[in-house]
Amino acid sequence: MKTQVCIIGAGPAGLLLGHLLRAEGVDCVVLERRSPDYVLSRIRAGVLENITVSLMERLGLDQRLKAEGLPHDGFNLADGERLIRIDIADLTGGQQVVVYGQTELTRDLMDAREERGLEVIYETEDTALFDVESDAPYVTYTKDGTQHRVDCRFIVGCDGFHGPSRKAIPASVGKEYMREYPFGWLGILADVPPCNHELIYANHERGFALASMRSETRSRYYVDVPLTDKVDDWSDERLWDELAIRLGPEAAANITRGSALEKSIAPLRSFVFAPMRHGSLLLCGDSAHIVPPTGAKGLNLAASDVHYAAEALTGFFNKSDNDAITAYSDTALARVWKSERFSWSLTKLMHRFPEDGLFERAMQQAELDYIASSRAAQTSIAENYVGLPV
Ligand code: FAD
Ligand code: DHB
């Protein structure tokens with residue numbers, strides 16, 4: 001097969017990029033290792049920044065997002081009994097975030113494949129990248145026992161943290177920045193009404209908790225747990241009991257318990273790979289960087305990378321302009337590092353680290369005190385939470 005752009009990975013980054021390129025008349029194909037059902041079964045992010053919403057709008061694929069997404073004007077930081085509200089709309093000149101699950105966004109992009117002429121080949125095996133330093137790279141994969149080859153002008157790696165794309169960049173060229181955290185987030189999804197109309201991020205002496213939602217009848221909660229814990233260690237009852245303690249009495253009084261539709265543990269990590277382009281290979285989303293989920297940035301960073309990559313690739317094919325391709329890595333990384341910083345600082349503020357002593361805890365309390373009393377501090381949090389400009 002011959003195409004202009006071969007995209008590896010059909011998570012949100014790969015599908016968004018594929019649609020944006022098709023909308024501008026650029027030929028592309030998307031290769032995905034898993035089945036559509038498997039991709040949709042992964043319960044992940046839930047909070048969309050403006051950049052993500054606006055890409056769906058630009059594609060005209062935002063009908064369900066507009067109808068079912070829940071716009072939020074604020075969120076809360078809980079420190080013991082105290083609740084600090086960050087009024088993001090007031091602090092950012094009316095901006096909001098929208099609660100809409102990654103699963104739903106991915107479903108909307110998947111459902112539009114046929115109508116928009118986006119070719120996605122699912123259940124590919126042994127994907128491998130070749131000649132990425134040349135102007136004629138190619139990708140090979142196996143499907144149903146037959147090997148295939150895709151010749152193209154660019155390859156875009158949207159294949160997540162474990163995919164093969166980043167590994168196709170030689171170690172002598174790339175640099176990895178990594179921080180692993182000593183805990184994971186245990187998440188539960190349940191068909192019960194949320195305990196609060198806004199998200200609550202809680203720093204309790206027993207650990208972190210987050211009350212989130214997917215709709216008015218579906219809730220998503222998290223607690224941090226040691227990396228040695230297994231999902232089976234946490235019965236639904238034990239998890240609901242822990243959430244009620246960590247989220248504090250007011251939220252606890254409003255928690256409706258229900259059986260888990262999904263329960264999983266995700267490790268927390270900060271990771272950046274630079275550069276995000278090598279020759280004819282561009283990286284987007286989790287293939288190039290990971291943030292701890294505390295700032296709700298992972299999916300939104302994937303969307304901003306895709307925005308830059310789509311501009312660069314359409315410029316190249318439709319206007320013979322190479323500049324944005326050359327600048328892609330620096331442009332994307334400038335925003336990536338700021339989101340990394342915000343996610344890292346909110347993680348440090350809201351979690352109890354096993355190695356921390358009284359001093360570190362006093363610093364957290366002083367910072368939360370400062371945030372509670374300073375509009376400037378709240379504005380800084382709010383403008384990062386809604387998403388920095390693209
Ligand atoms: P992905 O969604 O990982 O998509 C990559 C795709 O590439 C996958 O479909 C994969 O199957 C495919 N692929 C991999 N290898 C190959 C191959 N060899 N060939 C072809 N295809 C391949 N963010 C938040 O903001 N909040 C959260 O609560 C949150 N929870 C998370 C929980 C987990 C367990 C994980 C892993 C991430 C979570 N994130 C969260 C982050 C967020 O979901 C990601 O940032 C987002 O999915 C990035 O999108 P992506 O398209 O770059 O990568
Ligand atoms: C959700 C996940 C997050 O990481 C976050 O910061 C907020 C909400 C969620 O899954 O709903």
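All of these numbers come straight from a predicted model, not from anything done at the bench.

1. Looking at the site of ligand 1
Of all residues adjacent to ligand 1, which total 28 residues, the nearest are Ala13, Glu32, Arg42, Gln102 and Asp286. At 2.6 Å, a side-chain N or O of Glu32 approaches an oxygen atom of ligand 1. Arg33 is positioned such that a nitrogen or oxygen atom in its backbone is 3.1 Å from a nitrogen atom of ligand 1. In the complex, the protein chains occlude 85% of the 990 Å² of accessible area that ligand 1 would expose alone. Contributions of two or more residues to the shell around ligand 1 are made by helix H1 (12–23) and helix H10 (298–319). By residue class, the composition of the shell around ligand 1 is 12 nonpolar, eight polar and eight charged.

2. Remarks on helix H11 (residues 323–350)
If you check H11, its first and last C-alpha atoms are 41 Å apart, about what 28 residues at 1.5 Å a residue would give, namely 40 Å. Taking the largest bend as the criterion, H11 deviates by roughly 40°, centred on Ser329.

3. Quick word on the sheet that holds strand S9 (residues 125–130)
Read from one edge to the other, the open sheet built from three strands follows the order S9-S10-S11, with strand pairing classed as antiparallel. With one partner strand each, in any of the chains shown, S9 and strand S11 (146–151) form the two edges of the open sheet. Direction aside, the axes of adjacent strands within the sheet are offset by 15° on average.

4. Concerning the packing of aromatic side chains
Enumeration over the complete set of coordinates arrives at 16 aromatic pairs. With 4.0 Å between their ring centres and 25° between their planes, Phe75 and Tyr385 make a pair best called stacked. Of this pair, Phe75 sits in strand S5 (residues 75–79) while Tyr385 sits in helix H13 (residues 375–386), placing them 310 residues apart in sequence. Centroid distance Trp185 to Tyr222: 4.9 Å. Interplanar angle 45°. Geometry classified as tilted. One end of the pair, Trp185, is in strand S13 (residues 175–190); the other, Tyr222, is in strand S16 (residues 218–226), and 37 residues separate them in sequence. Trp185 sits in the buried class, given a relative accessible area of 4%. Among the aromatic side chains, those forming a connected cluster through ring pairs are Phe75, Trp185, Tyr201, Phe208, Tyr222 and Tyr385. The ring of Tyr38 has Arg34 lying over it, and the distance from NZ or CZ to the ring centre is 4.2 Å. Its end group placed over the ring of Trp234, Arg238 keeps NZ or CZ at 3.6 Å from the ring centre.

Conventions and cut-offs
Residues numbered from 1 in each chain as written. Chains lettered and ligands numbered in written order. Predicted model: local features only at pLDDT ≥ 70, side-chain atom pairs only at ≥ 80, totals over all residues. Heavy atoms only, no water. Near = heavy atom within 4 Å. Polar contact = N/O pair within 3.5 Å; in protein donor to acceptor, adjacent residues only side chain to side chain. Areas by Shrake-Rupley, 256 points an atom, 1.4 Å probe, with all protein chains shown as cover. Helix = DSSP H or I, 4+ residues; strand = E, 2+ residues; numbered from the N terminus. Nonpolar A, V, L, I, M, F, W, Y, C, P; charged D, E, K, R; others polar. Expected span 1.5 Å × (residues − 1). Bend = angle between axes of the 7 residues up to and from the residue. Pairing = 2+ DSSP bridges. Axes fitted to C-alpha atoms, helices over the stretch in contact; angles between N-to-C directions. Phe/Tyr/Trp six-rings, centres within 6.5 Å; stacked < 30°, edge-to-face > 60°. Buried < 20%, exposed > 50% of the residue type's maximum accessible area, 1.4 Å probe, protein only. Lys NZ or Arg CZ within 6 Å of the ring centre and 35° of its normal.

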